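# Chains, contacts and geometry: an overview
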Amino acid sequence: MTDYLTGEQRRPGRIEVVCGSMFSGKTEELIRRLRRAEFARQTVEIFKPAIDTRYSEEDVVSHDRHKIRSTPIDSSAQILLMASSIDVVGIDEAQFFDDGLPDVCNQLANRGTRVIVAGLDMDFRGVPFGPMPALCAIADEVTKVHAICVRCGALAYVSHRTVAGDKRVMLGETQEYEPLCRECYKKAMEEAAKARP
């Protein structure tokens, strides 16, 4: 292997997953890893679901407003078509992609591409989200990052939705979601159940 920068090598194909609740720094970590790959003169391509237009239609943007250019796509199959000779592929908001994403990531890794995936591991109900469980299972490395519970300061467990609605996919920010630890989430669910007519 050739060293491009101290500590950063051209790695053989692999899948790295960064997961956690909202506001935990998943996208920030994805951007950090992709920037390092760019500094190491590796070819990098970043993809995000076209439905995620919260901060930008095209860029991947963290809650801290750090950003990196990306290609919005509608299905995971498009990644294979667009990443044929890329060293490092980044995928943000992976939970919004179809169930074909794990197979796409495996195909890329098997042909020597480093794949870095970031996404919510659970939805607002605390249920594993989209293709994330399968991605965590096939990953070479899984990094679980944590937000801080806004009610007690412990490590957050889940993204609690603070507005009404049962729809699984609801794009939002601090007005719609808050990171909560397991205990505070349990209390919030009990309070919500008591408040129902």
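Because the structure is a prediction, the values reported are computed rather than measured.

Of note, Phe23 is a non-glycine position whose phi angle comes to about 65 degrees, a positive value. Structurally, the position occupied by Phe23 is in the loop between β3 (14–20) and α1 (26–39). Accessibility expressed as a relative area gives 22% for Phe23, which makes it partly exposed. In this model, Glu93 sits at a positive phi of 50 degrees, which is unusual for a non-glycine residue. Residue placement: Glu93 occurs in the loop between β8 (88–91) and α3 (101–110). Judged by its relative accessible area of 10%, Glu93 is buried.

Another point: α3. The complete set of buried residues in α3 reads Leu101, Pro102, Val104, Cys105, Leu108 and Ala109. The arc that holds every buried residue of α3, seen down its axis, measures 160 degrees, which confines them to one face. Where α3 terminates, the next one or two residues include Gly112, which has phi positive at roughly 100 degrees.

What follows covers the confidence of the model for the protein chain. Here the protein chain averages 85 in pLDDT, while 80% of its residues score no lower than 70. Of all secondary-structure elements in the protein chain, the lowest mean pLDDT belongs to strand β1 (residues 3–5), at 44, while helix α4 (residues 132–138) reaches the highest, 98. Counting interchain partners and residues more than four positions distant, the pLDDT-below-50 stretch residues 1–7 has 15 contacts.

With parallel pairing, the 6 strands of this open sheet are ordered in space as β7-β4-β8-β9-β3-β10. If you trace the sheet from one side to the other, it starts and ends with β7 (71–73) and β10 (141–145), each paired once. Pairwise comparison of adjacent strand axes, ignoring direction, gives a mean angle of 20 degrees for this sheet. Strand contacts of α1: β3, β4 (44–49), β8, β9 (114–120) and β10, with the helix running at about 165 degrees to β9, the strand carrying the most contacts.

Looking now at the packing of aromatic side chains. Tallying each qualifying case throughout the model produces 2 aromatic pairs. Directly above the ring of Phe124 sits Arg161, whose terminal nitrogen or CZ lies 3.7 Å from the centroid. The ring of Tyr157 has Arg182 sitting right over it, with the charged end atom 4.1 Å from the ring centre.

Moving on, we come to the nonpolar core. The biggest cluster of nonpolar side chains holds 23 residues, and the ones touching the most others in it are Ile79 and Ile91. For this core, the secondary-structure elements that each account for two or more residues are β3, α2 (77–82), β8, α3, β9 and α4. At 5 residues, the largest contribution of residues to this core is made by α3. When sequence neighbours within four positions are dropped, the list of residues in contact with Ile79 reads Phe47, Ile73, Val89, Ile91, Leu101, Val104 and Leu108. Val18, Leu30, Ala37 and Ile116 belong to the second largest nonpolar core, which has 10 residues in total.

By the secondary structure assignment, Gln107 is in helix α3. Taking the C-alpha atoms as reference, Gln107 lies 8.2 Å from Leu80; in sequence the two are 27 residues apart.

The rules behind each value
- Position labels on residues start from 1 in each chain and follow its written sequence.
- Only residues with pLDDT of 70 or above have their local features reported here, since the model is predicted, and side-chain atom pairs are shown and tallied only from 80 upward, although totals for entire chains, interfaces and linings are computed over all residues.
- Each side-chain value is derived from all of the structure's non-hydrogen atoms; neither hydrogens nor water enter the calculation.
- Under the DSSP-based scheme used, a helix requires at least four consecutive residues in state H or I and a strand at least two consecutive residues in state E, with every element numbered from the N terminus.
- Burial classification: accessible surface area is computed with a 1.4 Å probe over protein chains only, and a residue below 20% of its type maximum counts as buried, one above 50% as exposed, and the rest as partly exposed.
- What the arc measures is the spread of directions leading from the helix axis to the C-beta atoms.
- Here pLDDT means the predictor's own confidence in every residue, given as a number from 0 to 100.
- The contact criterion used throughout is that any non-hydrogen atoms of two residues lie within 4.5 Å.
- Note on pairing: DSSP must find at least two bridges between two strands before they are called paired.
- Every axis in this analysis is a line fitted to C-alpha atoms, fitted for helices over the stretch in contact. Angles between the N-to-C directions lie between 0 and 180 degrees.
- Between rings of Phe, Tyr and Trp, where Trp is taken as its six-membered ring, a pair exists when centres lie within 6.5 Å; planes separated by under 30 degrees are stacked, by over 60 edge-to-face, and by other angles tilted.
- A ring is considered to have a charge above it if a Lys NZ or an Arg CZ atom is located within 6 Å of its centre and within 35 degrees of its normal.
- Grouping buried Ala, Val, Leu, Ile, Met, Phe, Trp, Tyr and Cys residues that are joined through side-chain atoms within 4.5 Å yields what is termed a nonpolar core.

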